[in-house]
Structure formats: structure tokens, C-alpha cells
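# Structural characterization, general
Residues per chain, in single letters:
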There are 2 protein chains.
Amino acid sequence: MDIKKLLKPKKVAVIGASEKEGFGGDTCRNIIRYMKPGDYYFINPKRDQVQGVRCYPSISDLPEPVELLVIATPMSTVEGFLREGAEKGVRGAVVFASGYGEVGTEEGTEAENQLKSLCQELDIALMGPNCAGYANYVDMIYPYAFISNERDRKGAVGVVSQSGQLVLSMMEAASIRFSYAISSGNGKITTIEDYLDFLVDDEDTQVIALYMEGSKQPSKLASVLKKAALKHKPIVVLKTGRSEKGQALAASHTGSLSGSDKVFDALFDKFGVLRVDDLEELISTAQALAVLKKLPESSGFSSISLSGGETGICADLGQIIGLTYPDFSEKTVKALEAILPGYATVNNPLDSTASLSYDIDKFASVCEAVMKDPSVGIVSIGYTLLEEISDNAIYYISEALGRVMKEEWAKPCLMLPFAENTRNSDYVKKLESIGVPVLPTSLYALKIIKHILDFSCYKPEDHNLEVAVLTNPALRESDCNTRSALTESESKKMIQRYGIDCGIFEVARSREEAGELFSRLNLRKAVAKVDSPDILHKSDVGCVILGLKSPEEAMEAYDTILENAAKHFEHPDIRGVQICNMADKGTEVILGVNNDPQFGPCVLVGLGGVFVEIFKDTSMALAPVSKAEADNMIRSLKSFRILDGYRGTPKGDIDALSDAIVLISEMAAERADDLAELDINPVFVYEKGICAVDALYIKQ
Amino acid sequence: MDIKKLLKPKKVAVIGASEKEGFGGDTCRNIIRYMKPGDYYFINPKRDQVQGVRCYPSISDLPEPVELLVIATPMSTVEGFLREGAEKGVRGAVVFASGYGEVGTEEGTEAENQLKSLCQELDIALMGPNCAGYANYVDMIYPYAFISNERDRKGAVGVVSQSGQLVLSMMEAASIRFSYAISSGNGKITTIEDYLDFLVDDEDTQVIALYMEGSKQPSKLASVLKKAALKHKPIVVLKTGRSEKGQALAASHTGSLSGSDKVFDALFDKFGVLRVDDLEELISTAQALAVLKKLPESSGFSSISLSGGETGICADLGQIIGLTYPDFSEKTVKALEAILPGYATVNNPLDSTASLSYDIDKFASVCEAVMKDPSVGIVSIGYTLLEEISDNAIYYISEALGRVMKEEWAKPCLMLPFAENTRNSDYVKKLESIGVPVLPTSLYALKIIKHILDFSCYKPEDHNLEVAVLTNPALRESDCNTRSALTESESKKMIQRYGIDCGIFEVARSREEAGELFSRLNLRKAVAKVDSPDILHKSDVGCVILGLKSPEEAMEAYDTILENAAKHFEHPDIRGVQICNMADKGTEVILGVNNDPQFGPCVLVGLGGVFVEIFKDTSMALAPVSKAEADNMIRSLKSFRILDGYRGTPKGDIDALSDAIVLISEMAAERADDLAELDINPVFVYEKGICAVDALYIKQ
């Protein structure tokens, strides 16, 4: 199937052309309005003409082959038209009809599966069913079923959305301009991953905006995101399902299999994808990235506003959102003091005072001074651009910016308004033409600036992009129920093989062997623990005995443990009693792996006890991870300070811990077809080295 | 001084009337446009006429007394005009001139102090200096210096702002409508507290929107907020200075003494004031509260949207922002299933499907079913209202809402758009007239709904509103430097007097007394600690000895402690050695008091160690607090679960702890003129009762 036949067809035919409001009629209205006559045909056996355009009775009657068939008739008619079309050269189809997988019935799912087979048989790339079609602004192809107001929409953002309504809202928004706007519908035949793949390759698309509820092709999604990361093409994504309510909804809605939402965060982090919280943030982040002519080269932010109040808002909100305002260099301060009036205070964020907004030269000089500061990577100009212009400050400011943005030293610059009253479209165009995006009000604006900085700071080489879902073809395909636990000693042997220090331990099969091991392993202080796949919470049932000081004590412990096990379990599968060297206490860390049914293993780290359990203070990343990723996981813990030498306790060996994370993540990726879950708890982190004291490996 | 002469004057005169752009000319333009001829006079000795209006050469030449003088001339002229005006009946003045306290020079501050004295002498309420004036939409009085577009601005929000630019932006915003819009300027003569006081009493003002950088009259601010709380009149506040950068700016800007920002949070919490993060949130929260005809009676939220994507956004963002979507009752589910198409899933948040938006009856029935659900207190309708109407769904929806909102069972309802494209003003008016506010896009919208719920859940009777700044006239007035510490035993005796259990302890003045105390106090296990105001970190210098089991050990400890003290300090002031009963270990809690130079003592609670130090997990409230406030402080800790019986450790005595918070807060309020800081660390919390093991009381 060739997606280009669907998205860039030579000729288009509409089945179900009509005068009425609704899918057929509105699609014809759009096509007539936006496409060149001769590029499309309307088909309706009952009419000679629709909306002034000649109508053909059937596909077969068309005077020439067509590549794209737009089917605006009910589901029962779809198969026939596709078969007839295939004969006439059709290789792409848009199907609006609903009644398929999205209704949640067996019949619906079956119908969609049949449609998929049919498309494979006929080699047709099909958009939908249950979609709103698409608009291709590059070649002006418009098989799209919703009407919206006339405005200039041709631009560089490629949109893919699992929701047709959200595509419509994006078209109705004032600011975003598109290369393609695609409503994927159920997306089981041509998938959102297929569209993404197309847009990542597409030269006319500079930024991709994606609305998704879940993925049907996790491996393809990962490979497309990887391609985009390596090309440094920005993808902005609104994915619902972050909350429990949202997760339930997403699962019920387009019938997507929605994996754990946190895994998507790990996926997006790995590939530098920007995740946003709502549609306005999606629209405006994508459009800002498309308008900017270059990306920031350092992460320092400077905001220039015309009043103290606005400057205060930027200072506070910026900090809440996580932006950094570096102090200006001495040179910058001097330059600014020379331009600004005496009562101004030179600071970053900068209150340039209102006086400046009526003086092109001075305003340009202030921008120049700020942009030339080496610590500044990106600049915002605080100004509330109104629909109706009543104050000519905007004239002076935009003139000044026009001059500034031509210079080689110019840095990325955005307009930041404080009150919503849309934005005068002439000025928006003027500013966008010089590479200055106009943002929505401050709460969004500062989040968007943070996204831009995050994207420009992302370096694919810092990440291990060979995620298991790409490299391990045997990755399990669903959440299977045949999980079985290894014993602690087996689990530790497994991770030992991959390079994790687990201290000295061996399993005694008899009372005597327990004593012998104590001597043979040359222990001074030992711990005895039951070794059984059935007994997971060993301490709670008296199956761990600490502080053994002699072979005799080890032998006694052997008996006690077996007795205690017998008290609590009927016929437990006991492989023996582990005799381990009793490790010195270090800072307790938890290392774990979860194997996501869609995206494969994720590795997780956190400080033991309340930090994980109450503060939920953990970092997660898709396996395998690079050393830099592992290090960043540790440093992004809120409790990192405890590891880093808190209150006189020695500094933990971060290097050894991050090595362990890398090794575990590599093991998890390699064993993605075998490992369901791994819990190493605790790992003791010492001043030098680490030791995994307990481990539980659960097989699929 | 009578603020009504300033804000509701009978006649107004403008000094410095002019044709030109700028303060004088633009104020005249506004006055001519908005006020009744005959209500104002223009004064300019050089002209007979300004903008077609007759000009008088001086105040004395006016044909009748005027109450308000608007001075648009430079600062050097202000005193003369005020004196002349006072003779002509002037009791209010608006002064635009800058050059006073805001420039940060001694001369400026002195000039402002003189102006203040002059106003007191002449009994003139003065707005400014360095302000933009005000607009009174109730009586249409318009001594305001900035021009903005024509739109209907008369409404019920009273605005006070320390920034003139932000008043202008609010006037330029599309949605908010005002009773008063006041740019206070430096606000040292008539203060923001005075304006607030006026607006709280004003019957034409339903909601107050405040922009502030700091307070110059903390006691008046508290008393005004208390009045508003008791009247249940909403105050929405944007206060800058949350971040370090913002704090520094606010301090430098209007020259406000800006206290610790966290104290403002405590102040706002106590009085039910809603704090927002930017101007758009201020505008739209205030306007929404003004438009709603009633407040929610329960905190359950329901969102109705037309598509799955929009519903997903509401689900996720709602949870992030802290809203609760209660599950619908069985009755509601049945009612909705009967109305919605078969493929719809009935859930809260609700995807009502787009089909419904073209059917007035069905849409109204869906609203009815949702609003009648007993767990639902407030409802949002997701719909992107555009400037230019291209889809007539809005007609059907607004018709349906018009019908619904008339019913007795109607609940507060708001429109929530997903993409910014302003909002058609006719529909906004129509919706507002039936009590349905139209919100900005979702990120703001859901925050605003949370504010509305917070406000409607606030009950003044849950709070102790008699804060120290109101009741203790001797509250210290500035951060004085004459702090002196009490010894531990003195500190404990002090809090013991207020009812806090500190265990058994007494101070030995000699080696022998140490032994005697051990016996007399009937101790089994004791601790010896140095008692000195000079030695604060006693353990670090060997001045605490634990686990003493006999009078002899106590005597020995006495000597050791004195020796250790002598090693580390030259001539420390040592009052003796405390002999204390060694308390059993409980959960460690920190209780503290900070006496804010502006708002008096705040009481603070947190779990000891890393929880306070690394996770900054503390709750703070303005003293004194009620039992309900104390209980809420404890329960709002993230680490509350540890106190509440975590992992088999016994449940701590929350009741005893909250009693202690109340007692300490009452002590702090009573001693606000003496107490600088109190640190009770740790307090052990047991299954039954608590014990304060160490305390440090610092006097001012």
C-alpha cells in the first residue's frame, strides 16, 4: 500500500456527492472551493450535476483513472465501491462511514477486519473508517468533510489526529497553518504511525502535531519517533489517558489498546517528543516551532516587558514552569542602563518601561543588548496584541523587531500577550514573516517557551535509541498470565550474569550444608533466607534470619526457617536456604523493570521505603538506556540529595549505580521475551560500589 | 479622608487639559466620551477651549465647587493645585505625575511623604502619584488616562491594581466588565487596602480583582479580607513575588515592602481569597464569578463535551488541576443512556457525541440529567465558540442552555473552549445573560472551575479569623535585630504554660544537684543536656548525653557536658544542665512559629528530617488557627500517611497534635510582640499523646 496514493493522489472521485449538509455535500463544497477543476470527479447515479459540477453515474463511467476514492455513503456500500474503484486505478480511499470497530460490538470489529483484508487484497491505502478525511495544503487536495471559515491555512505543521473534532478545532483556531491535516479515524488500516512516517519524511512538513489516544503499532511508532529524533524534526503530541478517567475513556473510545500512560512519557522522553496538556498548547507549540527561523542554542531565557506588573508575572510563572532567567552579564547591564530611563531597574526578566515602546531605535537597541548576552538563548517580548489596534506601540515594536531579526546575532524571539483578545491578523502575519511567533497568554506562552528549549536541548546521541521494541522481535505481544517467579538466589544469579554485584551467597539443601557453606564462603556475619519461588515476603513469615556468627548458628537458622515456612504455607516449593554474606548497610535504592505489553521493558529507579511508596519519587526510562540517561534518571529524583551526601552521610557511588541501571536495562532489553518484571530491592549504595541484596525476577 | 469624594465625586476638574496625546489630553478624551457634560470642568490658563470644551484659567475661576481634582501636570505643580483646590471644596485628587517614591531615591520618598502630610492636612483622598487614574462604571466617572477600544464594560467586577499597565490590559481584554477599575499607583496615601475596603462595602461590586506587589497596611488588609470573608464576597488576587526573581522585582518596583510571599499564601488561605498565576486567569476568574447566578453547593464536577478527544482533555487536565469527577448515580446513567446514541459511553466526564449539538431538546435533557445528579455541583459545556459563527451548533446549544438555566434544579454551568479564536461577542452576551460564563481555553478554564469550587467550599467558621495582626496592637513593626534565644528549659517552660507536654525536666546547677534530680524526679532513664542560650546545636558539641541510668551517671554527665562546652566555646552563658526523662521514640514532627514582620506569627508543621529538609513538605497558617485549620494542616502534608499508621507502625495521635498546633498558634498570637521564632524539634507523636522533646524560643 502506498500512502502517497492516499495523501497526494493525481485525481480524486467522490462517491455520494450531494447538495445537502453532511459528509457528502460538505466534502464537495470543500473540494470545489479549494481544488482545481479537473482534479476531481463527483459520482451520484441519481443526479447529472451537484453544486454545479457534472456528476457521473459510477466509477466505471469516469473518463480517466482516479487514484483516490472518497466514499461518503454508508458502510454497506463500501466494499462494492472499493472493488469497482480498484479496477479504475484506485489505490487510496477515504471512508467516512461509521459502524466499525469504534462501536465496540463484535460485528463492528469483524467488519473492520474484513475491510482491512480487502484493502490488503486490493492494495488500497485507506483513511478511516469513522474519519473526517484530510486536507493537503501542499498540493491543495481537500477530501475533508467539515466546513470552516475562510482563512489562510497553508503552512508547515503536519497534523494527525485520532479525533475528527480536534482537527476541526485546529482548523478553526486563529493561528496554526498546515501542510497536512489528517483525521485518521479508527486508524487500523492506514495507521497514525503510517501518517507520522509520511510526515517525518515529508519535506513540506517542518513540525508534526499529533493527537493520539493510544498506539496500534508500538514498534512502528518507536521507529518513526527514532527517525524524527535523528532528523531533529519536532513532534508535539497531545496524548490523552494521563488520568484514570482519561485512560478509561481512551480505551473505550477509538478502541485503542492503551498501554500504561507512563510508558508513553518514557517513550516521548527518549525520542525528544514534546508532550502537551491540551489542544491550545498543541496548536501554539507546533505553530511557534514552525515560525521560528532557528532554535535556541542555549537554555537561558530572557523576558522583556513594558511594565513592572507584566515583568513580575513572567518572573513568577517562568519559575513555576521551570524556566531559568540567567543574570545579565556586566556588559549587557551597562548597555541597557545606557538606553533605559533612569528609574528603570536592569534585571532579567527585564522591565523595559512603557516609554520604550514608542521608540524604534531604543527598542531595537534593548533587544540587541539582551540578545547579545551570551547566557541568553531565547527572548520573549511581552505585549498584548489586540484584534483592533488602538495603540500604535505595536507598530514601533514590530518595526524594531523587523530590524533586529535580520541580524546575524538575532536570537529566537516570541511575542507574549497577557490578556486574550485574539491577535490582529495583519500583525500576526507581519511578525510571523520575520520569524516571531505570537503566543497565547502567559500561562500557555511560558510553557511553550519551555517546550522549545526542551526540544533544542534534546540530543539523540545522549540516548540509547535502540529500544527493545525495535530490536527484540520476540517481545511479548500481550499481557500474558503465565507469570512465574524465580527464587531469590536464581534471580540474583541472573542479574549477576549481567554484571550486578549481589555479594556472596549460596543455597544450602540441608542443615549440614548450611554450616559447611558458612565456613567455605569464609563468612564472618551471615544471613539465612529461604529460597523459594512461593515465599515472596520472606521477613514477614520468619524466613530471614540475620546476624549469624558461626556454622552452628547457620545450621540452627536452617531448621528455624524450614519450620517457619511450614507454619505459614502448605507444601511450599522450597529449594533450600540461602546462606549470604551480611552486607553492610548503605543507602537503600530500588531498581526495577516493568515489561510493558506495548513498548517493552522500562527500567525504574528510586530511593527505598517512603520515598517510593509515599512520595512516588521514581524515574523511569525505556530500556536500554545510555550512561547519560541513567545518570539523568538518578539526578532527577527529588531524593537525589540523600544519595549525594546528605547531613554528613557519605556521598553514594552514583557512577556505580548508573552503571547498574545501564546493565539492568540492557539485560531487560535482551530478555524482553522472557522477563515480565524485575524488582531489586534493596540495592545498597556505598561510598564505593553497590550491592544488590534481594532480587525477584518474574518470568512471563 | 473620605474615599467616596475620590471615587464618587459630584463634580470633576482636570488640571492640564490638553489636545495632545498623553495623560492630560487622553484623560479629557475619556471624560468627554464617557461622562455627562456639566459633571466636569477643564482647566488650562493658556486655552479657552480643549477638545471643544470650555477651559477655565484656574480652579478658583470655576463657577461651582468641585470634589475631585485630576492633576495631569508635573510634580512640582501638585502642592499648589491641591491647596487651591481645597479652598474650592476639593476632597479627592488623582495625581498622574511620577518622580515620587517609585524612583527609589531619597528625594522621591521625601516628596511622597510631604504629599501624604499635605493630603492629611487638607483632608484630601489622593489616588497616585504615578497612577493612571480610574474608571467608575457605576456613576460613569472617568478620570482615566489611557485610551482603549469602545466596548460595553459596565459590570460587577471591581478592580484595584498597583500596575497601571495591567488595568489597561484588563480594559482591553474581551470579556471582563467592571464596576470600578482603579490604578492605585504608589498607593501610599490612599492605599490599595482603602480601595479594597471601599469595594468590599460597595453594593455594585460583586467580585473584586486585585493586582498587588505587596501591602503597605497589613493590619488593614487583614481586616478588609476578614470583612469580605464574612460577607462571602469573592476576592481574586494576582500577587507577584512568588519567585525569587519576582520578589526582588516587586521590592524594587513600587517600592512596596514585600513580606515573605508564603505568608501571603497563608493570609489568602485563611480568608478564602483566590490566588491566580497570571492576568488572564485573574480576568476570567473574576468575570466568571460575576456572571454565575449562584455558586456550586457541592464540589463534584461534570464536564460535557461533543467528542472523545475533548472529553479526554477534560479528564486528564481536570485531574492534574485537582478537580473531582464523581461517578454518575445509577439514575443519571439510565437517563443519559435513554437520550444518547447507542455508541456513546456514559461516563463523567461525558462525551455526549456531536450528534446532540444539533438537537435542542436532547441537549437540554442531557444537561438536566447531569445537573440533577446529586453528586454534581458544577458543569462545563465543552465547545469552541468562534468569533465568526460557521457552525450553527452554538445556536442549538445556547437555546438549550437558556431553557435549562431557568429551572430551579439548574446548577452553575460554564462554557469551555478548546482552541482560542476569541468568542463571538453576541453569543458571549447571550450566554452571560443566562448566567453562563464563557471561559478561556482548557488550561485556564479548568483552573477557574477549581477556583470557583474552592471559593464555594470556603467557610469562614472553619477558620480562626482573629489573626494576631488584628488583635495584638503591639505586633512588632519591622524585622528587628535584637533577637535573643531562651535556653531549652526556658523555652519548654514557656510552651508548657500554654499546655504543651514537654515531659519531665529540671535544671541542675551543680554536679550534686544532677544526681539529686535523677532521684527526685523518679527517673529510670534520663538525658542530660546543657542549658544555655549560647549553645544551640548541643548534640554536635557533646552537650547531650543519652541513656543515663543512675544518679551517678547523671553526675558524671554533668561534668562531661561542662567540659565539652568549655572546649567549644569561650565563656558561654551556661545556666546549668537539664536532667530530663528520656522520652520513648515516636514519629518525629517539627512544630514552629515564624513571626512575619507584616502579618505576624505563622504556625508551621511538618515531619522531621528529610521530609522538611528535602521534600519541603510543610503546612503553614496564620496564627491563631482553629482546630479545623490545624487538622487540615496535618492532613495536607504529603507525608501524612506516615503519621496515619504506615507499614505497621501505629497510627499517631492526630488529635493531640492538632490540639498542640492550636495551642502554639494561640500562644504565638498572644505573644506576637515578644516572639520572633519558635522551633519545637522534635515533637514525638505517639499512639496516645505527644511530647515536645526540644524547643527553642527566640525573643525579638
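Residues numbered from 1 in each chain as written. Chains lettered and ligands numbered in written order. Predicted model: local features only at pLDDT ≥ 70, side-chain atom pairs only at ≥ 80, totals over all residues. Heavy atoms only, no water.

### A short note on the overall build of chain A
Looking only at helices and strands, one finds 24 helices and 28 strands in chain A. Judged by the C-alpha coordinates and their principal axes, chain A covers about 100 × 80 × 35 Å. Every one of the 700 residues in chain A was classed for burial, and the buried ones make up 60%. Looking at chain A alone, contacts between residues at least 24 apart form 71% of all its contacts between residues at least 6 apart. (Helix = DSSP H or I, 4+ residues; strand = E, 2+ residues; numbered from the N terminus. Buried < 20%, exposed > 50% of the residue type's maximum accessible area, 1.4 Å probe, protein only. Contact = heavy atoms within 4.5 Å.)

### Digging into the relation of the copies chain A and chain B
The two copies are related by a screw operation: chain A maps onto chain B through 180 degrees of rotation and 0.1 Å of translation along the axis, at an RMSD of 0.1 Å. As the rotation angle and translation indicate, the two copies are arranged about a two-fold axis. Proximity to the rotation axis, assessed at the C-alpha, singles out A:Thr422 in chain A; its C-alpha lies 2.7 Å from the axis. With an isologous cut-off of 70% or more, the 100% of interface residues of chain A that recur at the interface of chain B puts this contact in the isologous class. (Least-squares fit on C-alpha atoms with pLDDT ≥ 70 in both.)

### Some thoughts on the sheet that holds strand E2 (residues 40-43) of chain A
All names here are of chain A. One open sheet accounts for 7 strands, arranged E3-E4-E2-E1-E5-E6-E7; its pairing is mixed. In this open sheet, the two strands that pair with only one neighbour each are strand E3 (49-50) and strand E7 (125-127). On top of the sheet, helix H2 (residues 23-34) reaches strand E1 (12-15), E2, E3, strand E4 (53-56) and strand E5 (68-71); it is set at about 155 degrees to E2, its chief contact. (Pairing = 2+ DSSP bridges. Axes fitted to C-alpha atoms, helices over the stretch in contact; angles between N-to-C directions.)

### Looking at the side chain of A:Ser456
Tracing the backbone shows A:Ser456 in helix H16 (residues 442-457). Setting aside residues no more than four positions away along its own chain, A:Ser456 makes contact with A:Leu295 and A:Pro296.

### Notes on the confidence of the model for chain A
All names here are of chain A. Per-residue confidence for chain A averages 94 on the pLDDT scale, and 97% of its residues sit at or above 70. This stretch, residues 254-258, has a pLDDT under 50; its non-local contacts, to residues over four places away or in other chains, come to 18 contacts. The complex prediction reports pTM at 0.95, with the ipTM value standing at 0.94. (pLDDT = per-residue confidence, 0-100.)

### Examining the packing of aromatic side chains
All names here are of chain A. Tallied over the entire structure, the rule returns 36 aromatic pairs over all chains. Grouped by ring-pair contacts, the aromatic residues Phe 23, Tyr 34, Phe 96, Tyr 137, Tyr 142, Tyr 144, Phe 146 and Phe 178 constitute a single cluster. Its guanidinium or amino end placed over the ring of Phe 264, Lys 239 lies 4.6 Å from that ring's centre, counting from NZ or CZ. When the ring centre of Phe 505 is taken as origin, the NZ or CZ atom of Lys 492, which lies over that ring, is 4.4 Å away. (Phe/Tyr/Trp six-rings, centres within 6.5 Å; stacked < 30°, edge-to-face > 60°. Lys NZ or Arg CZ within 6 Å of the ring centre and 35° of its normal.)

### Some details on helix H16 (residues 442-457) of chain B
For H16(B), with 16 residues, the first-to-last C-alpha span of 22 Å sits near the 22 Å given by 1.5 Å per residue. The element H16(B) is extensively covered by neighbouring structure, given that 13 of its 16 residues are classed as buried. (Expected span 1.5 Å × (residues − 1).)

### Points about the state of the cysteines
Taken as a whole and assessed by the stated rule, the structure comprises 0 disulfides over all chains. The thiol sulfur of A:Cys367 is not disulfide-bonded, and the nearest other cysteine sulfur, from A:Cys413, lies at 6.0 Å. A disulfide-free cysteine, B:Cys131 has its sulfur positioned 12 Å from the sulfur of B:Cys119, the nearest such atom. Of the residues examined, B:Cys131 reaches a relative accessible area of 3% and is grouped as buried. (Disulfide = S-S within 2.5 Å.)

### Let's talk about unusual backbone geometry
With the exception of glycine, most residues fall at negative phi, and the peptide bonds are largely trans. Residue and element names in this part refer to chain B. Look at the link from Gly 128 to Pro 129: it is a cis peptide, with omega at -10 degrees. Looking at where Pro 129 falls in the secondary structure, it is placed in the loop between strand E7 (125-127) and strand E8 (133-136). A cis amide bond, omega 0 degrees, links Asn 681 with the succeeding residue Pro 682. With respect to the helices, strands and loops of the structure, Pro 682 is situated in strand E26 (residues 675-685). Although it is not a glycine, His 571 adopts a positive phi angle of roughly 45 degrees. Following the sequence through the fold, His 571 ends up in the loop between helix H20 (551-568) and strand E22 (576-581).

### What to know about the packing of helix H10 (residues 279-291) of chain A against H16(A)
Residue and element names in this part refer to chain A. Following both chains from N to C, one finds H10 and H16 inclined at 50 degrees, their axes separated by 10 Å at the closest point. Put simply, H10 runs oblique to H16. For the crossing formed where H10 meets H16, the hand is right-handed. Where H10 approaches H16, its residues Glu 280, Glu 281, Ser 284, Thr 285, Ala 288 and Leu 289 are matched on the opposing element by Tyr 444, Lys 447, Ile 448, His 451 and Ile 452. (Parallel < 35°, antiparallel > 145°, perpendicular 65-115°, else oblique. Left-handed = near helix turned anticlockwise from the far one by under 90°.)

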